[in-house]
Amino acid sequence: MNTNKVDVIVVGAGPSGVSAAITIAKSGKKVLIVDRSDAAGEKNMFGGAIYAKQTAEIFPEFWNSAPIERAITEQRIYMLTDADSTLLSYRYASKGSYKAFSVFRSKWDKWCIEQAVKAGAYYAPKTIVRELILENGHVTGIKTDLEDFHADIIILADGVNSLLASSIGLKKELKDSDVTVNVKEVLQLPKERLQDRFNIDDEDGVAAKIMGGPLKNMFAMGFLYTNKDTISIGVGVSLDELKKNCIKPYELLEEMKEHPSIAPLIKDAKIIEYSSHMLPEGSFDNIAKVYDNRVMVAGDAAGFVDNMHFEGTNLAMLSGKLAGETAVFAIDRGDFSASTLSMYYKKLEKSIIIKDLKTHNNTIATLKNNIETITSLYPELACEFFETLTAADEIPKKDKYKKFLLKVIKSGCIRKTIPLGVFAMEKCLKR
Ligand SMILES: Cc1cc2nc3c(=O)[nH]c(=O)nc-3n(C[C@H](O)[C@H](O)[C@H](O)COP(=O)(O)OP(=O)(O)OC[C@H]3O[C@@H](n4cnc5c(N)ncnc54)[C@H](O)[C@@H]3O)c2cc1C
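On a predicted model such as this, the values are computed, not experimentally measured, just so you know. (Residues numbered from 1 in each chain as written. Predicted model: local features only at pLDDT ≥ 70, side-chain atom pairs only at ≥ 80, totals over all residues. Heavy atoms only, no water.)

J.: Is there a simple way to think about the pairing of strand S5 (residues 85–91) in this case?
T.: In summary, the side chains of a regular strand alternate between the two faces of the sheet. Where strand S4 (residues 70–80) lies against S5, 7 bridges are found, and the strand directions are antiparallel. Across the sheet, Gln 75 pairs through a bridge with Tyr 90, a residue of S5. (Pairing = 2+ DSSP bridges. Helix = DSSP H or I, 4+ residues; strand = E, 2+ residues; numbered from the N terminus.)

As structure tokens, then:
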């Protein structure tokens, strides 16, 4: 008997891989999860917030024991012009039913893999999968630097680049327009000062999206999350935009941090970490073929990201769970064929993953075509509206509003917004 043989091998101990491994381990099957990092999550980065709904399906009541930084109780959108800003803020009224939590991947991933091991999964850190082992054209195992491992089913959860899925023809090579490059800093600030600055209590937290200002006219978005005594701040930019504008992401981040509406939030904070990572743009046309004989693909490796709504970990966890359930079914049946594993795709189709990716198909392309309107014109008009509304001066109100309305008409804002509105309505109302 081959001692290096298990029922399932999962490559990658991020949210998708761990969810798959836990689902399989809980059913009593033998599952090995391997990751190249010395410690899970060590090199993984995200914004970020994890979402309570899908996370609790894998880790019930995780908020009682997991390393949470803060519960997100306020969502902000900063619309920047060169010097001014309009801030939209949504603060949740009800406590106790949290929707999202800020976390650090280094702590979070470590805790998650500990739960997988408790559930019975074998975990091999510091294990880089160099290639997949094929027999008669079917995947039967993995080659690592030290030894080979074999399994009836392999789940590829190895993240955005997934060279392994590409190597067996399940994933197309990513184009520059298919990925964003993200940079992030973690800035330290005494807890009380952080809470005063963001107007939050002990456990509450803020998640913010930042558009316009130095990021105007390009497909780029800033983000900010409050942690216990740190702030995660970063920028994500489409790779094709970076090349077109000959700009580096950290230059954009520096400029964003210096904006008069952002600088006071991070004043005197000390940089304690810097990281960068790629992310798929997230559209239905770009997803991988997610199953074949003896193999399934989950999470970022499959392209399951909803960039429009900053969702990734939740889709990763859900897809990992569905791949895990399919693996258990196939093992019980003793049939690892593509036909049996197609059940995974059927489950994905019934879930929000495929439904949302279909809704957002072409959305990024449409937003890119209208980027000047969204990141430059809207923030400018929003600021000018508030200026008109609030400036107590000698200009009669009628003249002021007339001037503002003429600017709105001349800017082409209405003409540009109607097609966007129609596009959004068609997407949502189409069956
Ligand atoms: C800047 C940024 C901000 C984000 N913000 C959010 C947010 O706020 N909320 C949210 O839900 N999502 C967010 N996301 C998206 C989210 O991080 C991803 O969707 C999610 O991490 C995908 O999980 P995964 O398990 O599929 O892949 P990953 O988390 O990338 O994990 C893949 C794992 O595979 C391992 N691996 C890769 N290749 C090999 C190999 N050959 N051998 C062994 N191991 C290998 C890696 O070490 C890694 O641990 C953000 C992403 C970025 C980049």
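J.: Before we go on, may I ask you to explain the layout of surface pockets in this structure?
T.: The probe, sized like a water molecule, is rolled over the atoms to show the empty space still left. Volume-wise, the second largest pocket comes out at about 280 Å³. Lining the second largest pocket are 14 residues, with Ile 68, Ala 71, Tyr 98, Phe 101 and Glu 203 positioned closest to its centre. Among the residues making up the lining of the second largest pocket, the classes are represented as 6 nonpolar, 2 polar and 6 charged. Both domain 1 (5–68 + 103–171 + 288–350) and domain 2 (179–280) contribute no fewer than three residues apiece to the lining of the second largest pocket. (1 Å grid on protein atoms, 1.4 Å probe; cavity = no way out; pocket = protein on both sides within 12 Å on 5 of 7 lines; lining within 4 Å. Points joined across faces, edges and corners; volume = space filled by probe spheres on them. Nonpolar A, V, L, I, M, F, W, Y, C, P; charged D, E, K, R; others polar. Domains from an automatic or database assignment.)

J.: Sorry, what's going on with the pattern of salt bridges here?
T.: Pairing between side chains becomes possible if they bear opposite charge and their charged atoms approach one another. Overall, the coordinates contain 28 salt bridges when judged by the stated rule. Here Asp 240 and Lys 368 are joined by a salt bridge, their closest N and O atoms 3.5 Å apart. Here Asp 240 is found in helix H6 (residues 239–245), whereas its partner Lys 368 is found in helix H12 (residues 363–369), with 128 residues between them in sequence. Here Lys 368 falls in the buried class, since its relative accessible area comes to 17%. Salt bridges here are not isolated pairs; linked through shared partners, they connect Lys 53, Glu 57, Lys 321, Glu 325 and Lys 347. (Salt bridge = Lys/Arg side-chain N within 4 Å of Asp/Glu carboxyl O. Buried < 20%, exposed > 50% of the residue type's maximum accessible area, 1.4 Å probe, protein only.)

J.: Sorry if this is basic, but what is going on with the site of the ligand here?
T.: Neighbouring the ligand are 35 residues; Asp 35, Ala 49, Arg 105, Asp 300 and Thr 313 lie closest to it. A distance of 2.8 Å separates a nitrogen atom of the ligand from a polar backbone atom of Ala 49. Tyr 225 places a side-chain nitrogen or oxygen 3.2 Å from an oxygen atom of the ligand. Isolated, the ligand exposes 1,000 Å² of accessible area, and the fraction of that covered by the protein chains is 96%. Breaking the shell around the ligand down by element, the ones donating at least two residues are helix H1 (15–26), strand S3 (49–51), strand S13 (220–226), strand S15 (270–280) and helix H9 (313–333). Classifying every residue of the shell around the ligand by side-chain character gives 16 nonpolar, 14 polar and 5 charged. Looking at which domains feed residues into the shell around the ligand, each of domain 1 (5–68 + 103–171 + 288–350) and domain 2 (179–280) supplies at least three. (Near = heavy atom within 4 Å. Polar contact = N/O pair within 3.5 Å; in protein donor to acceptor, adjacent residues only side chain to side chain. Areas by Shrake-Rupley, 256 points an atom, 1.4 Å probe, with all protein chains shown as cover.)

J.: For this particular structure, what's the right way to read the packing of H1 against helix H3 (residues 105–118)?
T.: For any two helices packed against each other, one specifies the inter-axial angle together with the distance between the axes. H3 packs onto H1 with a crossing angle of 15° between their chain directions and a minimal axis gap of 9 Å. In terms of orientation, H1 and H3 fall into the roughly parallel class. In this structure, H1 crosses over H3, and the sense of that crossing is left-handed. Here Pro 15, Val 18 and Ile 22 of H1 come into contact with H3, specifically with Arg 105, Cys 112, Ile 113, Gln 115 and Ala 116. A breakdown of the residues in the contact of H1 with H3 according to their chemical character gives 6 nonpolar, 1 polar and 1 charged. (Axes fitted to C-alpha atoms, helices over the stretch in contact; angles between N-to-C directions. Parallel < 35°, antiparallel > 145°, perpendicular 65-115°, else oblique. Left-handed = near helix turned anticlockwise from the far one by under 90°. Contact = heavy atoms within 4.5 Å.)

J.: How should the packing of aromatic side chains be read in this particular structure?
T.: Centre distance and the angle of the planes are the two values used to describe a pair of aromatic rings. According to the stated counting rule, one finds 11 aromatic pairs in the structure shown. Here Tyr 90 and Tyr 92 contribute two aromatic rings whose centre-to-centre distance is 5.0 Å and whose plane-to-plane angle is 65°, an arrangement assigned as edge-to-face. Among the aromatic residues, those joined into a ring-pair cluster are Phe 59, Phe 62, Trp 63, Phe 101, Trp 108 and Trp 111. Of note, Lys 289 hangs over the ring of Tyr 291, and the distance from its end group to the ring centre comes to 5.1 Å. (Phe/Tyr/Trp six-rings, centres within 6.5 Å; stacked < 30°, edge-to-face > 60°. Lys NZ or Arg CZ within 6 Å of the ring centre and 35° of its normal.)

J.: Even after reading the chapter, I still don't get the environment of Asp 109, so can you show me in this structure?
T.: Position of Asp 109 relative to the elements: it lies in helix H3. With relative accessibility at 2%, the residue Asp 109 sits in the buried group. For the pair Asp 109 and Val 18, spaced 91 residues apart in sequence, the C-alpha to C-alpha distance is 8.5 Å. Non-local contacts of Asp 109, meaning those with residues more than four positions away in its chain, are made with Ala 13, Gly 14, Ala 40, Gly 41 and Asn 44.

J.: Honestly, empty space enclosed by the protein in this entry has me stumped. Any pointers?
T.: Counted according to the given criterion, the structure contains 1 cavity of 30 Å³ or more. As a volume, the largest cavity reaches approximately 80 Å³. As for the largest cavity, its lining consists of Lys 171, Leu 174, Asp 178, Pro 280, Glu 281, Gly 282, Ser 283, Asn 286, Ile 287, Ala 302 and Gly 303. Residue composition of the lining of the largest cavity, grouped by class: 4 nonpolar, 4 polar and 3 charged.

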